[in-house]
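# Structural features, examined
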Amino acid sequence: MTQPQVPRIRLNDGHSIPQLGFGVFKVDPKQTERIVTEALEIGYRHFDTARIYGNEAGVGRAIAASGIPREELFVTTKLWNDDQGTQSVFDAFDASLERLGLEYVDLYLIHWPTPAKDRYVETWRAFEQLRESRRTRSIGVSNFLVPHLERLLAETDTAPAVDQIELHPYHQQPDTAAFAEEHGIAIEAWGPLGQGKYPLLELPQVTDAATAHDVTPAQVVIRWHLQRGHIVFPKSKRLERMAENFDVFGFELGDAEMDAITALEREGRVSAHPEEVN
Ligand code: NAD
């Protein structure tokens, strides 16, 4: 079952990405093949994994077993911090492709800038070569803040296609999002539901909209992301929630509902500050 209603976002390199996908952070490698198979059956076609999640092989097995044509899928993986450099990037990328069992990925990301190492510019030049080889269609970054993006733009020839950052109603990173928009870098929102660490799904701004549209609070928050233009891939291991998180195209939030959720911003980060992950 394909779900043609998932909008695609055009990236600055001419490729496009399904705006809604499925993330597999903290999905047990032993369960990943089954869970990704369920996600494919629901209709998800965009998957976000990483070397450090330890589950690339499970994602790859589910894709291979599905028989779905490769061009209908969008697969992202990420370079872990220890592998920043040049040859180490090529080796890590080869190993990820092999675990995924794919000839190419759609998007390869630098997982964190790790500024204290000061290797992300060198790493990005290696990413440019990987893109030239077409074994990754697009290249991007994750957890990059404005100063890190500024350096890539000043010192290399390629703007990242995306910046994947922590983004949910309590932590919207307006400075990074505005800079990215100005430079044609698409925003991917990780932790779109705040990783369940905040009572986001119990706030009246969310539950009132859920009641009004006869949907769940999680569907309201995912819808808020989509209408803000973010690319999202919420994670759940529970079948009914996976289906619920994909069923977000039958309603639209009004301006007042959108504004009330946007006004929740309070710099409520769930993870470490990107300057401090090294
Ligand atoms: P998320 O915000 O998607 O939260 C997931 C949690 O929300 C679940 O564990 C569950 O507790 C809850 N949840 C999910 N669906 C629900 C529903 N329908 N109703 C009620 N509760 C629900 O957090 P995440 O998994 O961290 O983020 C999504 C994806 O982003 C990850 O799987 C991963 O692919 C990516 N990610 C990237 C980075 C990075 O550094 N680049 C970091 C974290 C996550």
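First things first, this report covers the structure right here in the doc.

Scoring rules and cut-offs
Numbers given for residues are sequential positions, taken from 1 along each chain in its written order. Two thresholds apply to this predicted model, a pLDDT of at least 70 for residue-level local features and 80 or more for giving and counting side-chain atom pairs, whereas whole-chain, interface and lining totals are computed over all residues. With hydrogens and water stripped out, all remaining heavy atoms of the structure feed into the side-chain values. Salt bridges are defined by distance alone: a side-chain nitrogen of Lys or Arg within 4 Å of a carboxyl oxygen of Asp or Glu. The helix and strand labels rest on DSSP assignments: H or I over at least four residues marks a helix, E over at least two residues marks a strand, and numbering proceeds from the N terminus. Only protein chains enter the calculation, and the probe is 1.4 Å; a residue is then buried if its accessible area is under 20% of its type maximum, exposed if over 50%, and partly exposed in between. Note on definitions: angles span 0 to 180 degrees between N-to-C directions of axes, and those axes are lines fitted to C-alpha atoms, for helices only across the stretch in contact. Roughly parallel means an angle under 35 degrees; roughly antiparallel means over 145; roughly perpendicular covers 65 to 115; every other angle is labelled oblique. By definition, any crossing whose near helix is turned counterclockwise from its far helix by less than a right angle is left-handed, and any crossing with a clockwise turn is right-handed. Contact definition: two residues touch when any of their heavy atoms are within 4.5 Å. One heavy atom suffices: a residue is near a molecule or strand as soon as one of its heavy atoms comes within 4 Å of it. Any pair of nitrogen or oxygen atoms within 3.5 Å is treated as a polar contact; in protein, a donor-acceptor pairing is required on top of that, and neighbouring residues in sequence qualify only through side-chain atoms on both sides. Residue-level accessible areas treat just the shown protein chains as cover; the underlying method is Shrake-Rupley with a 1.4 Å probe. Only protein atoms enter the 1 Å grid, on which a cavity is a set of points fitting a 1.4 Å probe that cannot get out and a pocket is an open set with protein on both sides within 12 Å along at least 5 of 7 lines, lining residues being those with an atom within 4 Å of a point. Any molecule with more than half of its atoms within 2 Å of a cavity's or pocket's grid points is counted as sitting in it. To be clear, the arc concerns the directions from the helix axis to the C-beta atoms. Grid points are joined across faces, edges and corners, and a volume is the space filled by probe spheres set on the points. Residues are grouped as follows: Ala, Val, Leu, Ile, Met, Phe, Trp, Tyr, Cys and Pro are nonpolar; Asp, Glu, Lys and Arg are charged; all remaining types, including Gly, are polar.

### With respect to the pattern of salt bridges
Enumeration according to the criterion identifies eleven salt bridges in this entry. With a shortest N-O distance of 2.8 Å, R61 and E33 are connected by a salt bridge. Taken together, the residues span a long stretch of sequence, with R61 in helix α2 (residues 56-66) and E33 in helix α1 (residues 29-42) at a distance of 28 residues. Residue E33 is classed as partly exposed on the basis of its relative accessible area, which comes to 29%. With a shortest N-O distance of 3.2 Å, E122 and R119 are connected by a salt bridge. The class of E122 is partly exposed, set by a relative accessible area of 29%.

### Considering the packing of helix α3 (residues 87-100) against helix α4 (residues 120-132)
Angle between the axes and distance between the axes are the two parameters that describe a pair of packed helices. Orientation of α3 relative to α4, taken along the N-to-C sense of each, is 50 degrees, at an axis distance of 9 Å. Classified by the angle their axes make, α3 and α4 are oblique. Crossing geometry of α3 relative to α4 is assigned as right-handed. The residues of α4 that touch α3, namely those facing V89, F90 and F93, are T123, A126, F127, Q129 and L130.

### Here's the deal with the site of the ligand
Around the ligand there are 26 residues in total, and D48, S142, L193, Q195 and N245 lie nearest to it. P192 places a polar main-chain atom, nitrogen or oxygen, 3.2 Å from an oxygen atom of the ligand. Within the side chain of R241, an N or O atom sits 3.5 Å from a nitrogen atom of the ligand. Relative to its unbound accessible surface of 830 Å², the ligand loses 88% to contact with the protein. Comparing atom positions with the cavity grids shows the ligand to sit within the largest pocket.

### Things to note about helix α9 (residues 239-246)
For α9, the full list of buried residues reads M242, N245 and F246. Viewed end-on, α9 has its buried residues packed into an arc of 100 degrees, placing them on one side of the element. Of the surrounding elements, those touching the buried residues of α9 are β3 (22-23), α1 and α8 (217-228).

### A short note on unusual backbone geometry
If you check the backbone angles, N143 has positive phi at about 65 degrees while not being a glycine. The topology assignment puts N143 in the loop between β7 (136-142) and α5 (146-155). Since its relative accessible area comes to 4%, N143 is described here as buried. Residues other than glycine seldom take positive phi values, yet Q173 does so here, at roughly 45 degrees. Along the chain, Q173 turns up in the loop between β8 (162-166) and α6 (174-182). For Q173, a relative accessible area of 9% gives the class buried.

### Description of α5
When we look at burial in α5, the residues that qualify are V146, H148, L149 and L152. Buried residues of α5 fall within an arc of 165 degrees about the axis and therefore sit on the same side. Structurally, α5 contributes buried residues whose contacts are with α4, β7, β8 and α6.

### Quick notes on the layout of surface pockets
Estimated volume of the largest pocket: approximately 910 Å³. What lines the largest pocket is a set of 39 residues, and nearest its centre among them are F25, G191, Q195, G196 and K235. Put simply, the parts of the chain that give the lining of the largest pocket at least two residues each are α8 and α9. If you tally residues by element for the lining of the largest pocket, the top one is α9, at three residues. Of the residues that constitute the lining of the largest pocket, the class distribution is 18 nonpolar, twelve polar and nine charged. The volume enclosed by the second largest pocket comes to roughly 300 Å³.

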